Amino acid sequence: MTDASQMANGGSTSPLAIELSAINKSFGDVHANRDVNLKVVSGHIHGIIGENGAGKSTLVSILYGFYAADGGLISVNGQITTIRNSADAIGKGIGMVHQHFMLVPNFTVLENVMLGHEGSLSIEASAQKARNVLNKLSEDFGLTVDSDMIVENLPVGLQQRVEILKALFRGAEILILDEPTGVLTPQETEQLFDILRALREQGVTILLITHKLKEIMAITDDVSVMRDGEMVAHLKTAQTSPAELAELMVGRKVLLEVDHTPAKPGVPVLQAENLCLTTANGIDHLKDISLTLREGEIVGVAGVSGNGQSELLDVLSGITTPTSGSFRVGTNEITTQRPSDPAQLRRLGVAHVPEDRHKCGIILPFSAAESMILGYSGTDEQNQGWWLSPSALEQNCADRMHGFDIRPPLPSLASANFSGGNQQKIVLAREISTQPKLLLVGQPTRGVDIGAIEFIHKQLIALRNEGCAILLVSVELDEIMSLSDRILVMNNGQMVGELAREEADEQQLGLMMAGIGAEDGITTSQMRAGS
Amino acid sequence: MQEEGGVADLWLQFLLTIDATLRVATPLILCAMAGIFSEKSGIIDISLEGKMLMSAFAAAAVATLTSSALAGLVTAIGVSVLLGLLHGLASITLRGNQVISGLAINILASGLTVTIGIAMFKQGGQTPNLSRAERFRPIELPFAEQIGNLPLIGPIYREVISGHNILVWVALAAVLFTAFILTRTRFGLRLRAVGEKPEALDSAGVSVAKTRYLALIVAGVLCGMAGAYLSTAHGSGFVREMTAGKGYIALAAMIFGKWQPRGALLACLLFGFLEAVASRLQGVDVPLIGEAPVDLILALPYLLTVILLAGFVGKAMPPRAIGEPYVKER
Amino acid sequence: MSAPPALPRWADVGLIPLINVLAALIVSGVVVTIIGENPFEAMMVMIKGAFVYKGSLGYTLYYATNFIFTGLAVAVAFHAMLFNIGGEGQAYLGGLGAGLVCLMFDSMLPALVLIPLAIMASAGFGAIWGAIPGYLQAKRGSHIVITTIMFNFLAASIMVWLLAGRLKAPGQMSPETRSFSPNAELPFIHDIANALGMEMARSPLNLSFVVALLACVGVWILIWRSRLGYAIRATGHSAGAAQYAGIPVSTIIIITMAISGGLAGMMAINEILGVQHRTILGFTSGYGFTGIAVALMGRNHPVGIVLASLLFGALYQGGAELDFEFSTITREMVLLIQGLIILFSGGLAYMFNRPLAHFLGFLLTPRHAGGGRRG
């Protein structure tokens, strides 16, 4: 630990923009930050990497005054300070670009930028001043945005630019970015990185929070690794490797290898043809999606999040009706004219592990037994006619808890009181136990501990081996590559390519996810030939 | 000659209805502007009714005791602001349910006004009749009679423009004031932001709670004036339940006006006009229909609001964060 | 700003409502004192008026009957996270339904057919008046709170128009229908008791009270033992999860509001079939709003609602007694208490929760040292 901190100090003369020592923060039983130390060198891009739930966001929220730390010291530019709220942080020259943008959607760019920093009581005067500053900033950093546009009409990448402008407008010399690329396309990410480099040129210190190794390697000068609320290493980026960082992040050698035998695909279970989904305000989420899924295979859908994968799951599970196109489950055809719904599709043997288990997969205040029949409360094996029998529900739940090693094995406990991994197991147990013909799975291991990940992966392979067709959507490329028999790649609502398991590698998938295959008209076979 | 007299008379009748419209609409306008301040800040305000009722009582009681309409007005404003702060305590600080808190204030006001009224004045919940000096009197504009005699235009000046008390003019000024604050000032910008996306304001270093409290205080002031108008300007004393749902009509007008000052003003005038027409038609036989269905005319504001809210004509979009207590993300 | 320990269920269900009532009574007591009366004396008058005097218990239960119906109405909607403050209007239209059936058929049908028909009509009219705002919420996105408020006023206008017009008994001044024939009357409990040889003082308490208790059982079964109840609760807790599960959320909202409106509408059977024996203007007297207080106090559970209804029944009956005993305090005192109870148990709900949770946590921790959750 001491070597690492010395390393972060680099040449011990370089001034520190931020120094945190022994920061602690708990939420109830959860110790989100434990004795966290951090030294950020002025004028550097400093990355903090860690898995979901490692405590990165809590740490920067403390730095930005959203939460008060339970203990510890914060120094900014060498001076010990207290940051009680965001106004304090802004006063100290700290700016933040939040993961979820803090923009008023129906305000113009200009209004958003000056909000809270208007300078005078009258808006007119403030607006004129703000406009001048904005023009200057956009010249200096290449941050061009039309300042009279309504923010909600801007693409996500530009909205993020507005966030950066907001921070700079407030005089930020230290800029914190919390998972800034999660919503960006690779191109937008590249543009963002150009901007960050330009900012560094001008002497701005940048703290980049991410869980993506690639980004750390691409842009940071220094990197700190967090795990389970603690800082486990401080390193110079140039002197480390992705493998080393990954190992530090998870605390052991990353081994996402599952016992994956070759698939024996059978008859088609799902056939989708030219599925399109367009929202009322004309945004295309899905464009001409066609795919076939056969018995006994896992087909992975790779892509940057927000490229239509969620909508694809929604359409195939019957939550959303496609605007055009059709899909066939067994012999049943579902079209816009003959739409279906989740209840009917479940009866046809389609099970669905949703991407967001808190929003959809379980109902937090319900008992585990009640969450265990979500989606199946209308089927007869759970009921007596119109009525529900609590004892039958609890018995059924207890059986499944035993089978899936769900802890604590208490059917009457509220779903909210289970850990993320156990909640996910509740969902999985429910969806798998009906012996589905087709399983739609979204982000099966998001926010789940390592032990549960292994368990879930094994369950999916076992289900495949029994002949179920599985459509796996995940933003974790490792997960896609280790589980899938075939890999489809989505970009901007389209399927841009397909790779067989053995020919997929991260680089190639990355290119396809960036939409390069589609734009350049390179077909899958050409890509195959090229590789 | 007969014919001409008929036309002039009809014209006069019409102008008198317009005049009545203004009088009836005044408390609605003040309350609707109050509602805009609360709701733009993200706080559902069904307590307009209760605030207005309590301040109507306070105004009349204090006006009687001090023989000063102005003292009554100041007290009314104070009482209404206090109720606003109570609503704020429940919905901002304690993050309670805003609808329930508003409802509680309305019921509280019903009980408290009568209880205190009986204890103070022993007139079954009413306050004593106010004398001319204890009320806000009509302001006759200069030359009202002379100009009033001019044909057609004259009666407009005499009947519609002249002869209103100061609070009517204050209500109209309140619309300009509200529009100005919302669109031209720093407070207005923050107010609109806090009702749409409070976390944006918070991360910009501005207190969400302070901004919302301030909005509720302004709303309280406006409601207080509406209450004082009812008991010490339009009426001459407090009568139990004298608001009779006007707070809710104002709420409806605010929604009907899509949370905008100008729209709300027009809606208040429309609803006021319907009430003025209804009271003129009381007991009048209308050809073909028979006795005028006054009760149904009076129900039109509610019906129109339902239709508008359902999006059958245009769409009323409330502020996005309305009704949600602000909690920082865990 | 650390999160307080969660309040144990027994405290949330048992202790908090008591503290809320106590706080409301204390504040009202302060008001009474300011007025110059003795609050304890007033309290005694109310208790005697509600329980001790001859027939007073019957009156208390008669009021409670209204509150059970309107309280259940609010509670059922709450389970779907819908705030139905239209109970007043739904009850009012329930009275129209019951009244119309009686006016049309009371000379033809025997009581055993007529009364069930009238009850169904009251529930049906109330259900329609609840289902329309439900539909507007589910399909058109109108805010249910605002729509139900508007529907209260619409109901009032319709009733004034009808009772002062078409439905008014000929040759009569007051806006009400003619009296129904005796076979439309629900029997009084004291009559039943007397018939069974038991001495019982006269009161407006009638068979509706039994119907109300049956409705409680029905609501309990509906919410916690039926598929529909599961769907209602799922919709209420998480619309996203309900959609994912294939529960037709819009339909559930409409059905829930219909059930809620139907329960509120049934309040009319107590007033119209039980006591007035005609439909009169303003018979709902704010009982629909009291239902909100009842549901809040009763934690949306039928048992809690019965208890809260008894409390409010006692307050209303005891409050009426205030008129006779004091020159300065009247039954409006009850409105004050009611407003305060709604304020404390709804708007200011977290005022007592957090301190109490800390206090209980402090009391209970030493005995379960290190007591986190199991597992």
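The residue count restarts for each chain, going from 1 along the sequence in the order it is written. Note on labels: chains are lettered from A, ligands numbered from 1, in written order. At least 70 in pLDDT is required for a residue's local features to be given in this predicted model, at least 80 for side-chain atom pairs to be given and counted, and no such filter applies to totals for whole chains, interfaces and linings, which use all residues. The basis for every side-chain value is the complete set of non-hydrogen atoms in the structure, without hydrogens or water.

1. Here's the deal with the side chain of Thr305(B)
Counting through the fold element by element, Thr305(B) comes out in helix α13 (residues 294-309). Relative accessible area decides the class of each residue, using a 1.4 Å probe on protein chains only: under 20% of the type maximum gives buried, over 50% gives exposed, and in between gives partly exposed. Judged by its relative accessible area of 0%, Thr305(B) falls in the buried class. Two residues form a contact once any of their heavy atoms are found within 4.5 Å. The contact partners of Thr305(B), leaving out residues within four places of it in the chain, are Ala252(B), Ile255(B), Phe256(B), Phe271(B) and Met150(C). Going along the chain from the N terminus, every DSSP run of H or I of four or more residues is numbered as a helix, and every run of E of two or more is numbered as a strand.

2. Some details on the sheet that holds strand β3 (residues 45-49) of chain A
All names here are of chain A. Two strands are counted as paired when DSSP detects at least two bridges linking them. With mixed pairing, six strands are arranged side by side in an open sheet as β6-β7-β8-β3-β9-β10. Every other strand in the sheet has two partners, leaving β6 (94-97) and β10 (230-236) as the edge strands with one partner each. Mean inter-strand twist for the sheet, computed between neighbouring axes without regard to direction, equals 20°. Pairing of β3 with strand β8 (residues 205-210) involves five bridges; the strand directions are parallel. Bridged to Ile49 within β8 is Thr210. As a rule, the C-alpha atoms of each element are fitted with a line to give its axis, helices using only the stretch in contact, and angles between N-to-C directions run from 0 to 180 degrees.

3. A word on the interface of chain B and chain C
Taken together, the 43 residues of chain B in the interface contact 42 residues of chain C. Both sides together, the interface formed by chain B and chain C hides about 3,700 Å², and carbon and sulfur atoms give 80% of it. What counts as buried area is the accessible surface, traced by a 1.4 Å probe, that two parts surrender upon association, with contributions from both included. It is Leu94(B), Ile100(B) and Ile107(B) that lose the most area in chain B upon contact with chain C, and together they represent 16% of the buried surface on that side. One side-chain nitrogen of Lys or Arg within 4 Å of one carboxyl oxygen of Asp or Glu is enough to make a salt bridge. Taken together, the connections running from chain B to chain C amount to one salt bridge. With its nearest N and O atoms 2.8 Å apart, the salt bridge here joins Glu332(C) to Arg240(B). Elements with a minimum of two residues in the side of chain B that touches chain C: α3 (69-93), α4 (98-121), α11 (246-256) and α13 of chain B. A total of 14 residues in the side of chain B that touches chain C trace back to one element, the largest contributor, which is α4(B).

4. Remarks on the pattern of salt bridges
This structure, assessed with the given rule, holds 30 salt bridges over all chains. One continuous salt-bridge network, built from bridges that share partners, spans Glu152(A), Glu196(B) and Arg320(B).

5. What to know about the interface of chain A and chain C
Counting residues at the interface gives 32 residues for chain A and 16 residues for chain C. Taken together, both faces of the contact between chain A and chain C bury some 2,200 Å²; the carbon and sulfur share is 60%. Counting the surface chain A buries against chain C, the share from its top three residues, Ile363(A), Phe366(A) and Leu388(A), is 21%. Taken together, the links from chain A to chain C amount to one salt bridge. The closest approach of N and O atoms between Glu370(A) and Arg233(C), which form a salt bridge, is 2.9 Å. Two N or O atoms form a polar contact when they lie within 3.5 Å of each other; inside protein one atom must be a possible hydrogen donor and the other a possible acceptor, and for residues adjacent in sequence the pair counts only when both atoms belong to side chains. Linking chain A to chain C there are eleven residue pairs in polar contact (both at pLDDT 80 or more). Three classes are used: nonpolar for Ala, Val, Leu, Ile, Met, Phe, Trp, Tyr, Cys and Pro, charged for Asp, Glu, Lys and Arg, and polar for all others, with Gly counted as polar. Its residues placed into classes, the side of chain A that touches chain C shows 15 nonpolar, ten polar and seven charged.

6. Here's the deal with the environment of Tyr350(C)
Residues and elements named next belong to chain C. By the element assignment, Tyr350 lies in helix α15 (residues 349-364). Tyr350 sits in the partly exposed class, given a relative accessible area of 37%. Distance from Tyr350 to Ile16, taken between C-alpha atoms, is 9.9 Å for residues 334 residues apart in sequence.

7. Regarding the packing of aromatic side chains
The geometry of an aromatic ring pair is captured by two quantities: the separation of the ring centres and the angle between the planes. Under the pairing criterion, centres of Phe, Tyr and Trp rings, with the six-membered ring standing for Trp, must be within 6.5 Å; the plane angle then separates stacked pairs below 30 degrees from edge-to-face pairs above 60, leaving the rest tilted. One pass over the structure, following the stated rule, counts 21 aromatic pairs over all chains. Here the aromatic rings of Phe404(A) and Phe455(A) are separated by 6.1 Å at their centres, their planes lie at 70°, and the arrangement is edge-to-face. A residue pair is termed long-range when its members are at least 10 positions apart, and Phe404(A) in the loop between α14 (390-403) and α15 (420-432) and Phe455(A) in helix α16 (residues 450-465) qualify at 51 residues. Phe455(A) gets classed as partly exposed once you look at its relative accessible area, which sits at 22%. With a centroid separation of 4.9 Å and 45° between ring planes, the pair formed by Tyr62(C) and Tyr63(C) is classed as tilted. Residue classification places Tyr62(C) among the buried residues on the basis of a relative accessible area of 8%. Judged by relative accessible area, Tyr63(C) falls into the buried class, the value being 11%. Here a set of aromatic residues connected by ring pairs shows up, and it is made of Tyr62(C), Tyr63(C), Phe67(C), Tyr287(C), Phe312(C) and Tyr316(C). For the cation-ring pair, Arg346(A) lies above Tyr376(A), with the distance from its terminal atom to the ring centre recorded as 5.3 Å. Lysine NZ or arginine CZ positioned within 6 Å of the ring centre and within 35 degrees of the ring normal marks a charge as sitting over the ring. Cation over ring: Lys425(A) sits above Phe455(A), and NZ or CZ is 4.7 Å from the ring centre.

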